[in-house]
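Summary of the model geometry
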Amino acid sequence: MSLYADLPRVTYEGPESTNPLAFRWYDANRVVLGKTLAEHLRPAVCYWHSFCWGGQDPFALGQPLFERAWFQGEPMAAARLKLDAAFDFFDRLGLPFWCFHDRDVAPEGATLRESHAMLDTLLEKAARKMEDTGVRLLWGTANLFSHPRYMGGAATNPDPEVFAHAAAQVKHVLEWTHRLGGANYVLWGGREGYETLLNTDLSRELDQYGRFLAAVVEHKHKIGFTGALLIEPKPKEPTKHQYDFDTATVYGFLKRYGLEHEVKVNIEVNHATLSGHSFEHEVATACALGLMGSLDANRGDEQLGWDTDQFPNNHVALVPALHALIAHGGFSSGGMNFDARVRRQSLDPADLLAGHIGGIDTLARAFLCAAALHESGELTQAVQQRYAGWNGALGQRILGGASLQALSDEVLSRGLDPRPVSGRQERLENLVNRFV
Ligand code: XLS
Ligand code: NI
Ligand code: NI
């Protein structure tokens, strides 16, 4: 019997429930703004934090802390056990999606051919389990950051053989993602950056990365994968500086290599805050630039400057970002992947369930608040009103291309003398608080 088979199947019991293993806000079938909550949020369990991480931190060398049968024994047998346990967990929790890296699912072999073969065996098994349980794939990805060969980068490595190796790995996982009906394929550039400029040719590395991405785009079209390709921005960690620093940086990069219509972003909450932005800034920027893809739901710690990957637990903090997402029309291919893990002292199988329950309840509650705010139209109207002048004759003339000369003439002849107008921040903050 697997580790999670004894856990209760989680059901929605409503905000009054005191059952610690029930949903209080995530009523999957509740219809809001024309779709169910499950269809809006498209939540996913991630394989790596939930089933592969053994509770180690940088100070705990060696042994995993969590006692899980799949942390020992023959690697393929262990990987099968882990897959069984994971799908039991998905079944208990009842979320529609999962996400994986190739090396989460299968061990690394002595050669790439061997690695492929092991991954194939396990993903064949996963495909059957997906069919049996109805759990779908939000995205797949290749781990291009753990193995020592990627120490100095994958696409941005000084050695083209490493680039080729990364390309071969992505080809294989992209094909599997396609075959499993994945909605997206993610590229997180963990080692695509540098430790020191003293040994780095930054300009060359950017070109390498541009070429890599273009090759992924070509292959996506060649095999007919219709999901979205997503870059996951992160400013640092593991490298000191990563090239996919934030959404705006990714946009500049994509534009430079002519890929801005081919690749979108997967925005992670704590990556946004690590880059010095708010989560809503990253979401709003992605929406404005046409790059909104998917979200990695988690949270950081306000006192710690690293990627703590905690489950979301503050719905108020998420309302502005979800309001921006709703105003944008919501997800197309994306969803909300819990790139989050329990703390290392949370040893019990039920702790993992509780982490996900709290996370999805937080997202659902934030979404309901943001949807009500959106439906009231009050915030949207306030913003529209603030820019109303741009719909008038002068605004239209400016946007239509009026020259400096023409504008200068207009100001002087009409004696234009604009008065400062209140931005009403406090009133708008109070307005939002009415909905949370
Ligand atoms: C690490 C990233 C990683 C990606 C997938 O910080 O969040 O987990 O989501 O490679
Ligand atoms: Ni992260
Ligand atoms: Ni992530």
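The structure this text deals with has already been given above.
Here goes a summary of the coordinates provided. (Residues numbered from 1 in each chain as written. Chains lettered and ligands numbered in written order. Predicted model: local features only at pLDDT ≥ 70, side-chain atom pairs only at ≥ 80, totals over all residues. Heavy atoms only, no water.)

1. With respect to the overall build of the protein
- From N to C terminus, the protein includes 16 helices and 12 strands.
- Rg of the C-alpha trace for the protein: 24 Å, near the compact-globule value of 22 Å for 436 residues, within the 12% margin.
- Overall, the C-alpha framework of the protein stretches about 85 × 60 × 45 Å when taken along its three principal axes.
- Expressed as a percentage of its 436 residues, the buried residues of the protein come to 50%.
- Counting contacts in the protein only where the partners sit at least 6 residues apart, residues at least 24 apart contribute 75% of the total.
- Accessible surface for the protein amounts to roughly 20,800 Å². Of this, 53% is attributable to carbon and sulfur atoms.
- Averaging the positions of the 41 positive and the 53 negative side-chain charges in the protein gives two centres separated by 3 Å. (Helix = DSSP H or I, 4+ residues; strand = E, 2+ residues; numbered from the N terminus. Rg over C-alpha atoms; globule rule 2.2 N^0.38 Å. Buried < 20%, exposed > 50% of the residue type's maximum accessible area, 1.4 Å probe, protein only. Contact = heavy atoms within 4.5 Å. Areas by Shrake-Rupley, 256 points an atom, 1.4 Å probe, with all protein chains shown as cover. Lys, Arg positive; Asp, Glu negative; His and termini not counted. Charge placed at Lys NZ, Arg CZ, Asp CG, Glu CD.)

2. Points about the packing of aromatic side chains
- Here the structure, examined in full by the defined rule, presents 21 aromatic pairs.
- When the centroid spacing of 5.2 Å and the interplanar angle of 45 degrees are considered together, the rings of Y209 and F253 count as tilted. Of the two residues, Y209 sits in helix α7 (residues 202-223) while F253 sits in helix α8 (residues 247-256), which places them 44 residues apart along the sequence.
- Residue Y209 is classed as buried on the basis of its relative accessible area, which comes to 2%.
- Among the residues examined, F253 registers a relative accessible area of 8% and is labelled buried.
- Seen in terms of ring centroids, F253 and Y257 are 4.9 Å apart; in terms of plane orientation they differ by 50 degrees. Their pairing is tilted.
- Aromatic rings pair up to connect Y4, Y47, F51, W70, F71, F87, F89, F90, W98 and F100 into one cluster. (Phe/Tyr/Trp six-rings, centres within 6.5 Å; stacked < 30°, edge-to-face > 60°.)

3. A short note on the coordination of the nickel ion (ligand 3)
- Taken together, E232 (OE), E268 (OE), D296 (OD) and D339 (OD) make up the protein donors of the nickel ion (ligand 3), found 2.0 to 2.1 Å from the metal.
- If you look at the nickel ion (ligand 3), its six donor atoms make angles of 80 to 173 degrees with each other, and the shape they trace is octahedral.
- Each donor residue of the nickel ion (ligand 3) belongs to the same chain, and together they define the spacing E-x35-E-x27-D-x42-D.
- Between the nickel ion (ligand 3) and the nickel ion (ligand 2), a separation of 3.8 Å is found, and both are coordinated by E268. (Donors = N, O, S within 2.8 Å, 3.2 Å for Na, K, Ca; no water. Tetrahedral: all angles 85-135°; square planar, octahedral: opposite > 155°, others 65-115°.)

4. A closer look at the coordination of the nickel ion (ligand 2)
- Within the protein, the atoms that donate to the nickel ion (ligand 2) are E268 (OE), H271 (NE2) and D307 (OD), at distances of 2.1 to 2.4 Å.
- All donors of the nickel ion (ligand 2) come from a single chain, and their spacing in sequence reads E-x2-H-x35-D.

5. Quick notes on the pairing of strand β3 (residues 43-46)
- Residues P43 and V45 line one face of β3 and the alternating positions A44 and C46 line the opposite face, and both faces are buried.
- Strand direction decides the pairing type here: β3 and strand β4 (residues 97-101), joined by three bridges, are parallel. Across the sheet, A44 pairs through a bridge with F97, a residue of β4. (Pairing = 2+ DSSP bridges.)

6. Let's talk about helix α3 (residues 75-93)
- Its 19 residues place the ends of α3 27 Å apart at the C-alpha level, agreeing with the 27 Å of an ideal helix rising 1.5 Å per residue.
- Within α3, burial applies to M76, A78, A79, K82, L83, A85, A86, F87, F89, F90, R92 and L93.
- Looking at the buried side of α3, the elements it contacts are β3, α2 (47-52), β4, α4 (102-105), α5 (112-133) and α12 (349-376).
- One side-chain oxygen of the residue at the start of α3 lies 3.1 Å from the amide nitrogen of M76, identifying that residue as E74.
- Downstream of α3 by a residue or two, G94 has a phi angle that is positive, lying close to 75 degrees. (Expected span 1.5 Å × (residues − 1). Polar contact = N/O pair within 3.5 Å; in protein donor to acceptor, adjacent residues only side chain to side chain.)

7. So, the site of ligand 1
- Around ligand 1, the surrounding shell consists of W48, H101, W139, F145, W188, E232, K234, E268, H271, D296, D307 and D339.
- At 2.7 Å, a side-chain N or O of H101 approaches an oxygen atom of ligand 1.
- The contact in question runs from an oxygen atom of ligand 1 to an N or O atom on the side chain of D296, over 3.0 Å.
- Contact with the protein chains hides 94% of the accessible area of ligand 1, taken as 290 Å² for the molecule alone.
- Here the shell around ligand 1 is composed, by residue class, of four nonpolar, two polar and six charged. (Near = heavy atom within 4 Å. Nonpolar A, V, L, I, M, F, W, Y, C, P; charged D, E, K, R; others polar.)

8. Structural notes on helix α10 (residues 279-288)
- Where α10 is concerned, the buried positions are F279, E282, V283, T285, A286 and C287.
- Buried residues in α10 make contact with α8, β10 (263-268), α9 (269-274), β11 (292-297) and α11 (315-328).
- G290 lies just past α10 and shows a positive phi near 75 degrees.

9. A short note on the pattern of salt bridges
- Taken as a whole, this structure holds 20 salt bridges when the rule is applied.
- A salt bridge links E124 to R179; its shortest N-O distance comes to 3.0 Å. Of the two residues, E124 is situated in helix α5 and R179 in helix α6 (residues 160-179); the sequence distance between them amounts to 55 residues.
- On the accessibility criterion, E124 (31% relative accessible area) is partly exposed. (Salt bridge = Lys/Arg side-chain N within 4 Å of Asp/Glu carboxyl O.)

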